Amino acid sequence: MYKMMTPGPTQVRENVRMARSLEFQNPDLDADFCEYYKETCLLASELLHTKNETLILDGEGILGLEAACASITEPGDRVLVLDNGLYGESFKDFVTMYGGIPTLYTVDYDKPVDPEKLAEYLKEQHDFKYATVVHCDTPSGMLNDISKICPLLKSYGILTVVDSVSAMFGEEVRADDYRIDLLCGGSQKAISAPPGLTIVTISQDAKDVMNQRKTPIASFYANLKVFEHYYEEKWFPYTMPASDIYGLRQALENIKNDPEHLKRHAKVAEKTRTTLKEMGLTLYPHSGYSNTVTTFEVPEGFTDKEILSKMRNDYNILLAGSFGCFGGKLIRIGHMGESANEKDVDEVLQALKEILGK
Ligand SMILES: *Cc1c(COP(=O)(O)O)cnc(C)c1O
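- Where an unreviewed UniProt entry is consulted, the chain appears under the name Alanine--glyoxylate aminotransferase family protein, with the organism given as Blautia stercoris.
- Per its UniProt entry, the chain bears the Cofactor (unreviewed entry) comment "pyridoxal 5'-phosphate".

1. With respect to the packing of helix H2 (residues 31–47) against helix H9 (residues 242–256)
Point 1. Where H2 contacts H9, the two axes come as close as 10 Å, and the packing angle between them is 35°. With respect to the hand of their crossing, H2 and H9 are arranged in left-handed fashion. Facing Phe33, Tyr36, Tyr37, Glu39, Thr40, Leu43, Ala44, Glu46 and Leu47 of H2, the residues of H9 in contact are Ala242, Ile245, Tyr246, Leu248, Arg249, Leu252, Glu253, Ile255 and Lys256.
Point 2. For the contact of H2 with H9, the class distribution of residues is 12 nonpolar, one polar and five charged.

2. What about the nonpolar core?
Point 1. Counting 88 residues, the largest nonpolar core has Tyr37 and Leu182 as its most contacted members.
Point 2. When residues no more than four places from it in sequence are discounted, the contact partners of Leu182 are Ala68, Ile72, Thr160, Val161, Val162, Val200, Thr201, Ile202, Ala206, Met210 and Leu224.
Point 3. By size, the runner-up hydrophobic cluster in this structure holds 23 residues, among which are Phe296, Ile317, Ile331 and Ala340.

3. Things to note about the pairing of strand E3 (residues 78–83)
Point 1. Burial of E3 is extensive: five of the six residues sit out of reach of the surface.
Point 2. Two elements, E3 and strand E4 (residues 101–106), share six bridges in a ladder whose sense is parallel. Bridging across to E4, Val81 finds its partner in Leu104.
Point 3. Once you follow E3 into helix H4 (residues 86–97) and on to E4, the crossover reads as right-handed.
Point 4. One ladder, built from three bridges, connects E3 with strand E5 (residues 130–134); its direction is parallel. Each residue of the ladder has a partner; that of Val79, found in E5, is Tyr130.

4. Concerning the domain arrangement of the chain
Point 1. Partitioning the chain into structural domains gives domain 1 (14–256) and domain 2 (260–357).
Point 2. Placing the centre of domain 1 and that of domain 2 at their C-alpha centroids yields a distance of 27 Å.
Point 3. Across the contact, 23 residues belong to domain 1 and 24 residues belong to domain 2.
Point 4. The junction of domain 1 with domain 2 conceals about 1900 Å² of combined surface from both sides, 61% of it contributed by carbon and sulfur atoms.
Point 5. Taken together, the links from domain 1 to domain 2 amount to zero salt bridges.

5. Focus: the packing of helix H3 (residues 61–72) against H4
Point 1. Put simply, H3 and H4 touch, their axes get as near as 9 Å, and they point 50° apart. Compared by their axis directions, H3 and H4 come out oblique. Crossing geometry of H3 relative to H4 is assigned as right-handed. Contacts between H3 and H4 involve Ile62, Leu65, Glu66 and Cys69 on the former and, on the latter, Tyr87, Phe91, Phe94 and Met97.
Point 2. Split into classes, the residues belonging to the contact of H3 with H4 amount to seven nonpolar, no polar and one charged.

6. Some details on helix H7 (residues 204–211)
Point 1. Among the residues making up H7, those that are buried are Ala206, Val209 and Met210. Down the axis of H7, the buried set is contained in an arc of 100°. They therefore lie on one face.
Point 2. Contacts from the buried residues of H7 go to H3, strand E8 (159–163), strand E9 (182–186) and strand E10 (198–202).
Point 3. A distance of 3.4 Å separates the backbone nitrogen of Asp205 from a side-chain oxygen at the start of H7, and that oxygen is part of Ser203.

7. Here's the deal with the UniProt feature "domain: Aminotransferase class V" (unreviewed entry) in the chain
Point 1. The UniProt record marks residues 36–312 with the feature "domain: Aminotransferase class V" (unreviewed entry), using the residue numbering of this structure.
Point 2. In the segment residues 36–312, helix accounts for 39% and strand for 17%; the C-alpha atoms at its two ends are 39 Å apart.

Thresholds, definitions, all that
Residues numbered from 1 in each chain as written. Predicted model: local features only at pLDDT ≥ 70, side-chain atom pairs only at ≥ 80, totals over all residues. Heavy atoms only, no water. UniProt positions renumbered as here; feature names shortened; annotations may be inferred. Axes fitted to C-alpha atoms, helices over the stretch in contact; angles between N-to-C directions. Helix = DSSP H or I, 4+ residues; strand = E, 2+ residues; numbered from the N terminus. Left-handed = near helix turned anticlockwise from the far one by under 90°. Contact = heavy atoms within 4.5 Å. Nonpolar A, V, L, I, M, F, W, Y, C, P; charged D, E, K, R; others polar. Core = buried A, V, L, I, M, F, W, Y, C linked by side-chain atoms within 4.5 Å. Buried < 20%, exposed > 50% of the residue type's maximum accessible area, 1.4 Å probe, protein only. Pairing = 2+ DSSP bridges. Right-handed = clockwise from strand over helix to strand, strands pointing away. Domains from an automatic or database assignment. Buried area = accessible area lost by both parts, 1.4 Å probe. Salt bridge = Lys/Arg side-chain N within 4 Å of Asp/Glu carboxyl O. Parallel < 35°, antiparallel > 145°, perpendicular 65-115°, else oblique. Arc of directions from axis to C-beta. Polar contact = N/O pair within 3.5 Å; in protein donor to acceptor, adjacent residues only side chain to side chain.

Here it is as structure tokens:
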């Protein structure tokens, strides 16, 4: 087994794996399961500092993003797509797919979105139903300041769809304080459960928009409204993946029982950045570093494949390259969730020193 130091999936603790192997009942017929599901959703809301309802959907992170867009987009809706990374840009596809008209707000991919410049832009242009915001754009390791961006958008009545799949629980997320309408996460990143589940928190404003639609939501699986009365009716729109949810619950309990988890992420991330710079490597984003993933440029004289395969074959460590416009150019170290621990990060840094001869 390789030591997984990728920006998702991440390492999974034994108690999460054990929880997934427990006996389960038919989740469609067992009222206790409905209670368990709801309690798990409430725990997620609590950890994300929101009174908004959380739903757990049976699909990995991408399903949450698509469901958020599908549920609030109607044909002709204008949507602002904040684009300073690959996930940022690709939100336009979900918007378009459900009939919306995306307007890209594109800025350099090596810097975070500057809330002051965005404020200037919004003074002129703010006729948008909602905006899409990526918290940590994982292929480049770019962190956007959602604590400033989301309240700013909301001050113009623009709802926000936030992809915090690779940031939540490694970076602070206070959904109510930031006034986030739809906040998306995935089980396989800092939550540190295996891939397979997505969570979405939904504000009252987002629910109002869904309820006031003139056209039906053009999806079933990516439709948040189909969960509307699940608790009162004890009826899920489709059979819930009970074992996955047992694992998720344990992973969320682990986070709750580790009140220092954000500090731990900050500490290992800082150490990773400092050490890489001491080795003469260049970090990719020039500001806006995420505490969940560190990205550096492939140094001259090496290829990404060579570094990654040596890490794998000689040190048994799995790191990630990147893709799209960053393909071949960047290496990514994931230090999120269970992987955000000093011992493993030290091992990664030592191996890199040896491979790069520094
Ligand atoms: C991982 C991730 C997702 C989910 O996509 P996967 O197909 O699971 O990789 C969505 N958004 C971001 C920013 C991610 O890092």
